[in-house]
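# Analysis of the macromolecular model
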Amino acid sequence: MNASEDIHKRRTAAVARGVGSMITSYVDHASGGTLTDVDGREWIDLAAGIAVTNVGNASPRVVEAVRRQVERFTHTCFMIAPYESYVAVCEQLNALTPGTFEKRSALFNSGAEAVENAVKIARHATGRQAVVVFDHAYHGRTNLTMALTAKAMPYKHGFGPFAGEIYRVPMSYPFRDGLPGADAAALAIGMIEKQVGADQVAAVLIEPIQGEGGFIVPAPGFLPAIAAWARASGALFVADEIQTGFCRTGDWFASTHEGVEPDLITTAKGIAGGLPLAGVTGRAELMDAVHVGGLGGTYGGNPIACAAALASIETMRELDLAAAARRIESVLRPRLESLAATHPFIGEVRGRGAMLALEIVVPGASGASGPTPDPARTAAIQKAAHQAGLLLLTCGTYGNVIRFLPPLVMDDETLTRALDALESVL
Ligand SMILES: *Cc1c(COP(=O)(O)O)cnc(C)c1O
């Protein structure tokens, strides 16, 4: 039995079955572009811990900042005895997120918690209750965020009842609906007005590029039209940038690509180089509408996570990781497109920056919602990729999307090695 098999046996007896793992090898250490397991096998990291280690694993500046902070103090609770680094992270979030208006931020532990708090703030600030979300959306696994998430299996199955006052409308999905952005937005808006009522909506919550739902990039014009409708209706436009944020799509935030300035924006994943931290950032008058003591939590904005966030942000600035994401796209996209040209089961190559995907379909077949998805082939590709040493993720409502989320510090040589391996896998 190798070391991973040994740990895996203990895991099966100790860890709840509901917590899955993509691979059965156990990690020993990791760096900018690779992970090494406890048996010494190297994996090319195309996952970045689900878009978290944008600055790479054990990034030097992050390691040093964490070490220094751990030695000074580990926790006081910002609601009890505050500290400067929490304030500094909020200043960075206010400065980096789209929109030049005055902003405030609050910090939490996880993406789901940030989304929950964005909904709390939106309801409090507007005095309304309805929250509009989209097909294929993913916003987390807590009770409220399960209700906001679209996909039943595995996220919601058997876990109800779910929170109320959540309404789902169609998402722009060009590969499947073929609609220009304005038409897709009109469809969604018509449904909101008829089925919810414009004056009932507290927030329209959307991922500017959907993550777990399939790396779905809405048609140009969709996001601005939805944002404009929200503004005109007194509803808040809330961008969930938990997966798209922090340079992933070639800019600090994906909303920027369409010139959209969200009223509230949720962040997590890439913010702190792997330490758990999340934020809600938004217009000062909305954020400050909540009474003192209405927001918080024991660990939210933990000092070690804040130190890691400040070091990560500094690293992103210094290494210009937004440009790095665009460079990764310039290496990946042409190769993926030429693979699509020779493999008819690749229905589409899409995404932006270092958030790219292949949608896998049955060649020539289609049904009511467009080209027929091929989740079985997708799973087979993923399995073969793992055998080839690629840490490759899938996603999508239909389980037929292969996604690429490399750390933004991955070098071209490693990227090319990954692409060569993928080509033989396909
Ligand atoms: C991952 C994710 C979440 C949930 O974040 P957690 O930290 O896992 O709670 C919410 N929204 C989006 C878009 C995500 O990708």
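That block above? That's the structure.
Read on for a plain summary of the structure. Since this is a predicted model, take the numbers as computed values, not measurements.

Parameters at a glance
- Residues numbered from 1 in each chain as written.
- Predicted model: local features only at pLDDT ≥ 70, side-chain atom pairs only at ≥ 80, totals over all residues.
- Heavy atoms only, no water.
- 1 Å grid on protein atoms, 1.4 Å probe; cavity = no way out; pocket = protein on both sides within 12 Å on 5 of 7 lines; lining within 4 Å.
- Points joined across faces, edges and corners; volume = space filled by probe spheres on them.
- Nonpolar A, V, L, I, M, F, W, Y, C, P; charged D, E, K, R; others polar.
- Pairing = 2+ DSSP bridges.
- Helix = DSSP H or I, 4+ residues; strand = E, 2+ residues; numbered from the N terminus.
- Axes fitted to C-alpha atoms, helices over the stretch in contact; angles between N-to-C directions.
- Contact = heavy atoms within 4.5 Å.
- Parallel < 35°, antiparallel > 145°, perpendicular 65-115°, else oblique.
- Left-handed = near helix turned anticlockwise from the far one by under 90°.

Quick look at the layout of surface pockets now. In this structure, the second largest pocket spans a volume of roughly 420 Å³. Lining the second largest pocket are 20 residues, and of these Y86, S105, A106, G293 and L295 lie nearest its centre. Of the residues assigned to the lining of the second largest pocket, the class counts are eleven nonpolar, seven polar and two charged.

So, about the sheet that holds strand 7 (residues 201-206). On the basis of which strands lie adjacent, the open sheet formed by seven strands has the order 4-10-9-8-7-5-6 and mixed pairing. Two strands close off the open sheet at either side, each with one partner strand: strand 4 (103-108) and strand 6 (166-169). Strand-to-strand twist in this sheet, taken as the mean axis angle between neighbours without regard to direction, amounts to 20°. Of the pairings in the sheet, the one linking strand 9 (residues 264-267) to strand 10 (residues 278-283) comprises four bridges and is antiparallel in character. Across the sheet, residue L264 finds its bridge partner in strand 10, namely G282. On top of the sheet, helix 9 (residues 222-233) reaches strand 5 (130-134), strand 7, strand 8 (236-240) and strand 10; it is set at about 165° to strand 7, its chief contact.

What follows covers the packing of helix 3 (residues 60-72) against helix 11 (residues 303-318). Where helix 3 contacts helix 11, the axes come no closer than 8 Å and their chain directions differ by 155°. Considering the angle they form, helix 3 stands roughly antiparallel to helix 11. In this structure, helix 3 meets helix 11 at a crossing whose hand is right-handed. Across from R61, V62, A65, V66, Q69 and V70 in helix 3, the residues of helix 11 making contact are P303, I304, A307, A308, A311, S312, E314, T315 and E318.

The probe, sized like a water molecule, is rolled over the atoms to show the empty space still left. By the definition in use, this model includes four cavities of 30 Å³ or more. In this structure, the largest cavity spans a volume of roughly 40 Å³. Residues belonging to the lining of the largest cavity are distributed by class as follows: three nonpolar, four polar and two charged.

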